Amino acid sequence: MEKAQKIVDDNYTAAEGSFLGDLHERDYFDFQGFSKLCEAAKSLAAEGKTLENAKKIHEIYTQTCLHVSYHFDPDDESRISNLPKNYVELLYELGKLVAIFFNTEL
């Protein structure tokens, strides 16, 4: 659980080397980092959901969606160098994790 918590915490703060850190600082979609984040969130949810982690997962989801939307904004210079074609599916997967923490379904 400690490793999973650290992954979520690092993404929440967009720490260097985290999925969200790479997305924010380098405009790079790290597939491995995204997978680790999702697995960590699933692990934390299985071990016992907390409001603190629910808020963190929600904020990570929100920031990820914002960064993807900036990619398509012609007035914003941010462009994700390797935005996957299936980005909608990936965002949906992350959204489902948010729903798990808030006891809802998508």
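Basis of the calculations
Residues numbered from 1 in each chain as written. Predicted model: local features only at pLDDT ≥ 70, side-chain atom pairs only at ≥ 80, totals over all residues. Heavy atoms only, no water. Salt bridge = Lys/Arg side-chain N within 4 Å of Asp/Glu carboxyl O. Helix = DSSP H or I, 4+ residues; strand = E, 2+ residues; numbered from the N terminus. Buried < 20%, exposed > 50% of the residue type's maximum accessible area, 1.4 Å probe, protein only. Core = buried A, V, L, I, M, F, W, Y, C linked by side-chain atoms within 4.5 Å. Contact = heavy atoms within 4.5 Å. Phe/Tyr/Trp six-rings, centres within 6.5 Å; stacked < 30°, edge-to-face > 60°. Lys NZ or Arg CZ within 6 Å of the ring centre and 35° of its normal. Axes fitted to C-alpha atoms, helices over the stretch in contact; angles between N-to-C directions. Parallel < 35°, antiparallel > 145°, perpendicular 65-115°, else oblique. Left-handed = near helix turned anticlockwise from the far one by under 90°.

Observations regarding the pattern of salt bridges
Consideration 1: In this structure the tally under the stated criterion is 6 salt bridges.
Consideration 2: As a salt-bridge pair, Lys-6 and Asp-10 come within 2.8 Å of each other at their nearest N and O atoms. Here Lys-6 pairs with Asp-10, and both are found in helix α1 (residues 2–12), just 4 residues apart, close to one helical turn.
Consideration 3: Residue classification places Asp-10 among the partly exposed positions, given a relative accessible area of 23%.
Consideration 4: Put simply, Lys-96 and Glu-93 hold a salt bridge, and the shortest N to O gap is 3.1 Å. Of this pair, Lys-96 and Glu-93 both sit in helix α5 (residues 87–101), 3 residues apart, roughly one helical turn.

Considerations on the nonpolar core
Consideration 1: Within the largest apolar cluster, 26 residues are counted, with the highest numbers of intra-cluster contacts made by Val-8, Phe-19, Phe-29, Phe-34, Ile-57 and Phe-101.
Consideration 2: Contributing elements (two or more residues each) for this core: α1, α2 (19–26), α3 (31–47), α4 (51–72) and α5.
Consideration 3: With 7 residues, the single largest contributor to this core is α3.
Consideration 4: Setting aside anything within four residues of it in sequence, one finds Phe-29 in contact with Phe-19, Leu-23, Phe-34, Ile-80, Asn-82, Leu-83, Pro-84 and Leu-90.

Structural notes on the packing of aromatic side chains
Consideration 1: Here the structure, examined in full by the defined rule, presents 5 aromatic pairs.
Consideration 2: For the pair Phe-19 and Phe-34, a centre-to-centre distance of 5.3 Å together with 70 degrees between the ring planes defines the contact as edge-to-face. Here the residue Phe-19 occupies a position in helix α2, and Phe-34 occupies one in helix α3, the gap between them amounting to 15 residues. For the residue pair Phe-19 and Phe-34, the accessibility class agrees, reading buried in each case.
Consideration 3: Measuring from ring centre to ring centre gives 5.5 Å for Phe-29 and Phe-34, while their planes differ by 35 degrees; the resulting arrangement is tilted. Judged on exposure class, the residue Phe-29 and its partner Phe-34 are both buried.
Consideration 4: Through pairs of rings, three or more aromatic residues link up here, namely Phe-19, Phe-29, Phe-31 and Phe-34.
Consideration 5: Above the ring of Tyr-12, the side-chain terminus of Lys-56 is found at 5.7 Å from the ring centroid.

Concerning the packing of α3 against α5
Consideration 1: Running from N to C, α3 and α5 point in directions that differ by 20 degrees, and their axes come no closer than 10 Å. When the axes of α3 and α5 are compared, the pair comes out roughly parallel. Between α3 and α5 the crossing geometry is left-handed. In contact with Phe-31, Phe-34, Leu-37, Cys-38, Ala-41, Lys-42, Leu-44 and Ala-45 of α3, α5 contributes Leu-90, Leu-94, Leu-97, Ile-100 and Phe-101.

Details of unusual backbone geometry
Consideration 1: Unusually for a residue other than glycine, Ala-14 sits at a positive phi of about 55 degrees.
Consideration 2: Look at Ala-14 and you get partly exposed, because its relative accessible area is 24%.
Consideration 3: Its identity as a non-glycine residue notwithstanding, Asp-27 has a phi of 50 degrees, on the positive side.
Consideration 4: If you trace the backbone, Asp-27 turns up in the loop between α2 and α3.

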